[in-house]
Structure formats: C-alpha cells, structure tokens
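Understanding the architecture of this molecule
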Amino acid sequence: MTRSVSAMLLSLALASAAPSVAAEPWVAAYHPLYQWSEVAPAEVPWNAITHLIVGFLLPEEGPPGNFTVAPPNWYGDAAFASGAAAYSTAGAASGRVVTCMLGGDGSNPGDVWNNATTPANVAAFAANIKAVVQPLGCTGVDLDWENGVDYAALVRLAQALRTVWPQAVITIPTGFTGDDAAALAPAAAAVDAFMPMTYIAVPQWGGWTLPSPLTPLHVVGANSNSIDTVRGRWQAAGVPASKL
C-alpha cells in the first residue's frame, strides 16, 4: 500500500517475533524516499524500532524478458543508492535491520510485476533484485505488489528470492481483512513475516492522515474487521503466529 511517514515519528507496523529478532516483537517502520529529507538517518528513532523498510524500488523491464528493480526516474539511481546506504549504515550501527520496499501502489504498469514473475522469468528477476538491493547495505526486501496481484506469482517470487538470497529478511504486506491468507500461505516457509495492513480499515478520505486509525482488536458492532479476524484467518490457513 502507499507508504507515509511524518517528520515527528515514522509510521509503525507491529508484528510478532520472528527468527531474525529472536524474542522481541517487531516494530517495523516504512520510510519512503519522498520523505527522507524529513527524517534523516541520524533522526530515525532506532531505539524504538527493530526494522526500517526504506523505499522504494520499482520493477522494470530492460532487454526483453530481463526484469530488475530501480528507483523512480524522477529520483535517480545515484540519489537512491546514496540515501539507502546511509540508512543501512545507521541501522547497522544501531543493531537494527534495514530492508528495501519493492513496489507500492501504481507500480504495475503494463503488468510488469506479472511478467517478471512468470515461471520463465522469476529466477532471473530474483537474482537481479538481490544484485540491486544487497549492495545498498539492505539485508532483505519487502514485496509490496498491490495492483493486479497474482498471488501464486507472488509466492513464486518469495520462494525464488529465498533460494537466491538465503539470509535475506523477506516480508510481504497483506490486506487488512485476512482474505488473502490462504492464497499467500504457501510462501510461509520463504518469508520472515506477513504484515497485515490493519491501519487501513477506516478510509482516509482526501489522503493520508497520521496517525492512521487501527483496525480494532476485536469485532465491534457491525464492523467484522478486527485483529482477531485477521489472525484467525491466517492461522486457519496454516500460517504460524510467529510469521505475523
């Protein structure tokens, strides 16, 4: 989904413990490049988070059939590489994990995600992702495919990335209802965490407002959306709580 941070505090998403952070719960903050000037590496509240997800890189096709990821044209490769490396360096110095978001809303023109993740293309695409992201100092990726999602292909990409980059921290943001749990469950062995986006249950008409409302912990009245509902659907799909 579209990401946003405020200059005062990064927008946070909570997840339960996963192997990469042992016993402590995840506190993962998204930080998109268009707001890097508002929260510089030295200003990130590193002690308050476990993971920083910088972004974003977009899937693109180079030579026919050869897919990779790159920053938006208006931002530039050099500026993105320098900025991402600065956050990665600061995060490592603070003992925190820094990964890179791929995609976002509007990142699938011409079905580029779908074409990059066909059985014929996905292995090379995964290798190219690693080749771009790892030199930035990022230790993994957040797979934020939002438009025209082919869940089987997204699972295939996560598995291909795990094969080519065994040590990577791989996350997939998911819907706020849990309706996608069964379709994404086959990726469980390949990802470190699925991150249900429970902060969008209440629409933000006119754009983002921070802090965003959260899906309630429990069902309230006629609203069937809740954290309980989401967790239940993922557990029913066979995904352990440690992956949420």
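Being a predicted model, the structure only gives us computed values, none of them experimental.

**Observations concerning the side chain of Thr177**
The residue Thr177 is located in the loop between strand E7 (169-174) and helix H5 (181-184) in this model. A distance of 3.1 Å separates a polar atom in the side chain of Thr177 from a polar atom in the side chain of Asp179. When sequence neighbours within four positions are dropped, the list of residues in contact with Thr177 reads Asn225, Thr229, Val230 and Arg233.

**Section: the environment of Ser88**
Note on placement: Ser88 falls in helix H1 (residues 77-93). Taking C-alpha positions, Ser88 is 8.4 Å from Thr139, a pair spaced 51 residues apart along the chain. Each residue touching Ser88, except ones within four places of it in the same chain, is listed here: Val98, Leu136, Gly137 and Cys138. At 3.5 Å, the side chain of Ser88 and the backbone nitrogen of Cys138 are in polar contact.

**Remarks on the pattern of salt bridges**
One pass over the full model with this rule turns up two salt bridges. Linking Asp192 and Arg162 is a salt bridge whose minimum nitrogen-to-oxygen distance equals 3.0 Å. One end of the pair, Asp192, is in the loop between H5 and strand E8 (193-196); the other, Arg162, is in helix H4 (residues 151-164), and 30 residues separate them in sequence. Neither residue differs from the other here; Asp192 and Arg162 are each classed as buried. One salt bridge in this structure joins Asp179 and Arg233, with 3.1 Å as the shortest N-O distance. Of the two residues, Asp179 sits in the loop between E7 and H5 while Arg233 sits in helix H6 (residues 227-236), which places them 54 residues apart along the sequence. Residue classification places Arg233 among the partly exposed residues on the basis of a relative accessible area of 36%.

**Quick word on H4**
If you check H4, its first and last C-alpha atoms are 20 Å apart, about what 14 residues at 1.5 Å a residue would give, namely 20 Å. Of the positions making up H4, those classed as buried are Ala153, Leu154, Val155, Leu157, Ala158, Ala160, Leu161 and Arg162.

**Concerning the environment of Ile53**
By secondary structure assignment, the location of Ile53 is in strand E3 (residues 51-61). Since its relative accessible area comes to 3%, Ile53 is described here as buried. Taking C-alpha positions, Ile53 is 8.2 Å from Pro32, a pair spaced 21 residues apart along the chain. Non-local contacts of Ile53, meaning those with residues more than four positions away in its chain, are made with Ala28, Ala29, Tyr30, His31, Thr99, Cys100, Met101, Asp142, Thr171 and Met195.

**Description of the environment of Val132**
Mapped onto the fold, Val132 is located in helix H3 (residues 122-133). Along the sequence, Val132 and Ala81 sit 51 residues apart, while their C-alpha atoms lie 9.3 Å from each other. The contacts of Val132, once residues within four sequence positions are left out, are Leu57, Thr68 and Val69.

**Notes on the packing of H3 against H4**
Running from amino to carboxyl end, H3 crosses H4 at an angle of 55°, the nearest separation of the two axes being 9 Å. Judged by the angle between their axes, H3 and H4 are oblique. You can see that H3 and H4 cross each other, and the crossing is right-handed. Between H3, through Val122, Phe125, Ala126, Ala127, Ile129 and Lys130, and H4, the contact on the second element is made entirely by Arg156, Leu157, Ala160, Leu161 and Val164. Considered class by class, the residues forming the contact of H3 with H4 number nine nonpolar, no polar and two charged.

Scoring rules and cut-offs
Residues numbered from 1 in each chain as written. Predicted model: local features only at pLDDT ≥ 70, side-chain atom pairs only at ≥ 80, totals over all residues. Heavy atoms only, no water. Helix = DSSP H or I, 4+ residues; strand = E, 2+ residues; numbered from the N terminus. Polar contact = N/O pair within 3.5 Å; in protein donor to acceptor, adjacent residues only side chain to side chain. Contact = heavy atoms within 4.5 Å. Salt bridge = Lys/Arg side-chain N within 4 Å of Asp/Glu carboxyl O. Buried < 20%, exposed > 50% of the residue type's maximum accessible area, 1.4 Å probe, protein only. Expected span 1.5 Å × (residues − 1). Axes fitted to C-alpha atoms, helices over the stretch in contact; angles between N-to-C directions. Parallel < 35°, antiparallel > 145°, perpendicular 65-115°, else oblique. Left-handed = near helix turned anticlockwise from the far one by under 90°. Nonpolar A, V, L, I, M, F, W, Y, C, P; charged D, E, K, R; others polar.

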